[in-house]
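# Descriptive analysis of the structure
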Amino acid sequence: MAKASITAPSRQQLDSPVYDELGMERNPDNLYLQTIDAVLHAAEVLELPHRVQIILAQPVNEIMVHFPVRMDDGHHALFKGYRVQHNNALGPFKGGLRFHPDVHLDDVKSLSALMTMKCSLVRVPFGGAKGGVKCDPWKLSSGELMRVTRRFVSAIAPMIGPDHDIPAPDMGTNAQVMAWFADTYMNITRGVSGNDALAVVTGKPVEMGGSLGREKATGQGVIDVLAEMLPELNLSIKGGTCSLIGYGNVGSWAGKLWTERGGTVLAVMDHTGAIYNSEGLDTHALDAYVKEAGGVNGFEKTHHGAQKISEEEFYSTQVDVFIPAALEQMITPEKAQLMNCKVVAEAANAPTTPAGERVLMEKGVEILPAILCSAGGVTVSYFEWVQNRSNVYWDAEKVDDELNRHMVLAARRVGLARHRYGVEMRTAAYIAALDQIGKVYALRGIFP
Ligand code: GLU
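Let us look at the structure shown here. What you see is a predicted model; the values in this text were computed from it and never measured.

It is worth spelling out the site of the ligand at this point. Inspection of the region around the ligand gives 15 residues, with Lys 94, Lys 118, Pro 169, Asp 170 and Ser 381 positioned closest. In the model, a nitrogen atom of the ligand is placed 2.9 Å from a nitrogen or oxygen of the Pro 169 main chain. At 2.8 Å, a side-chain N or O of Asp 170 approaches a nitrogen atom of the ligand. In the complex, 95% of the free accessible area of the ligand, which totals 300 Å², lies under the protein chains. Looking at the shell around the ligand, the elements that each hand over two or more residues are strand E3 (93–100), helix H4 (105–121), strand E5 (165–169) and helix H16 (376–390). Each residue belonging to the shell around the ligand can be placed in one class, and the counts come to four nonpolar, six polar and five charged.

Relative to each other, helix H8 (residues 217–229) and H16 sit at 120 degrees, their axes nearing to 7 Å. Judged on the interaxial angle alone, H16 and H8 are oblique. H16 is crossed by H8, and the crossing has right-handed handedness. On H16, the residues touching Ala 217, Thr 218 and Gly 221 of H8 are Gly 376, Gly 377 and Val 380. Residue composition of the contact of H8 with H16, grouped by class: two nonpolar, four polar and no charged.

For the pair H8 and helix H9 (residues 249–260), the least separation of the axes is 7 Å and the interaxial angle reads 45 degrees. Between H8 and H9, the angle is such that the two are oblique. The chirality of how H8 crosses H9 is right-handed. Facing H8, whose interface residues are Thr 218, Gly 219, Gln 220, Ile 223 and Leu 226, H9 presents Val 250, Trp 253, Ala 254, Leu 257 and Trp 258. A per-class count over the contact of H8 with H9 returns seven nonpolar, three polar and no charged.

About the cut-offs
- Residues numbered from 1 in each chain as written.
- Predicted model: local features only at pLDDT ≥ 70, side-chain atom pairs only at ≥ 80, totals over all residues.
- Heavy atoms only, no water.
- Near = heavy atom within 4 Å.
- Polar contact = N/O pair within 3.5 Å; in protein donor to acceptor, adjacent residues only side chain to side chain.
- Areas by Shrake-Rupley, 256 points an atom, 1.4 Å probe, with all protein chains shown as cover.
- Helix = DSSP H or I, 4+ residues; strand = E, 2+ residues; numbered from the N terminus.
- Nonpolar A, V, L, I, M, F, W, Y, C, P; charged D, E, K, R; others polar.
- Axes fitted to C-alpha atoms, helices over the stretch in contact; angles between N-to-C directions.
- Parallel < 35°, antiparallel > 145°, perpendicular 65-115°, else oblique.
- Left-handed = near helix turned anticlockwise from the far one by under 90°.
- Contact = heavy atoms within 4.5 Å.

Okay, here's the thing in structure tokens:
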């Protein structure tokens, strides 16, 4: 991982012949095409057979449903839901459910493909899927949120299942939503015995079959990857600095664990504003504040040393590691120009645009890709599924150790692929993931 070997990605955008063959429009702004393009580029480097490339270029199933829900004022509203099942060569479809006003089919498709890659990279026996409901969960009452969840489950129940497709939390959903999800599924699938049906969804509350350590797992996975990879870049968490976009579940856990291991978090930005402390922000106090206030804005008024900064100042803050842990596509070329970091650790899914990535790489910034950095959540989801199915529950230490083992091995796989193929880190991560999928297809063949 010598710094001298860092080069801008050599791939030409959207040049795979597969797009014409499958009638896919070559739109460089489309998130799905951006994701698949990176996958197909890696598949070319790995010389994956044409049949595997066309299978991966489109999801197996794209499910769209509409369902009515009674709102608190008595009127009924119609909601749109999605479940995209990208690939199940390695095991049941797996991936989160997003409740957000901006949920669109192409984004869900893109996120489902990323799940296929993530599960393969960390070698958990799952395929990839993603789903969501177009709604604003922050504006719904608890009762409305529950009814939206239950009606959505009833709409997709025939297409999911503990052996077929296992959802989980993502943006706008949490353990409570997963509890309603499991309860609804258990009520409507009478043929499946209680405990088996419980494994239809992961990220449940611990009291209801959830795993210890699942809530912090994605943030912890980011830190596990950084602890493994920073020394090779002559950096370390201890004594290191970072900035974070997003202070929800993933961002706050990454921030807290970064400081617990001796690093400082200099700046944090979310949808409400940006804050900075040259001495390092109190990440635990910030977590408590954000849970109460809904965002980082105003933290500077309650905490000595913290100050409000502009968005431009946030991006320009000099740090070792920049951690985007919020929405997709935040690092545009303009933002990349401002950024002053040595490493980007993609804790969010697809936070860097291809054009933003080119700017960062020209500046010599190392990008640790999302399918590696953000894979901790699904890894502990796998542990939860295993615990549900075996009825043997693990202690927190075992979860932490097993998660660390999966993340470290995945990071090493990426490092090996990078050296062997002489590619940048994102392509190396896809190669390490595709290698496993390619081997399985070679063994299974294509039915009939
Ligand atoms: N939504 C998370 C992700 O994007 C977790 C998925 C899961 O646990 O299945 O990785």
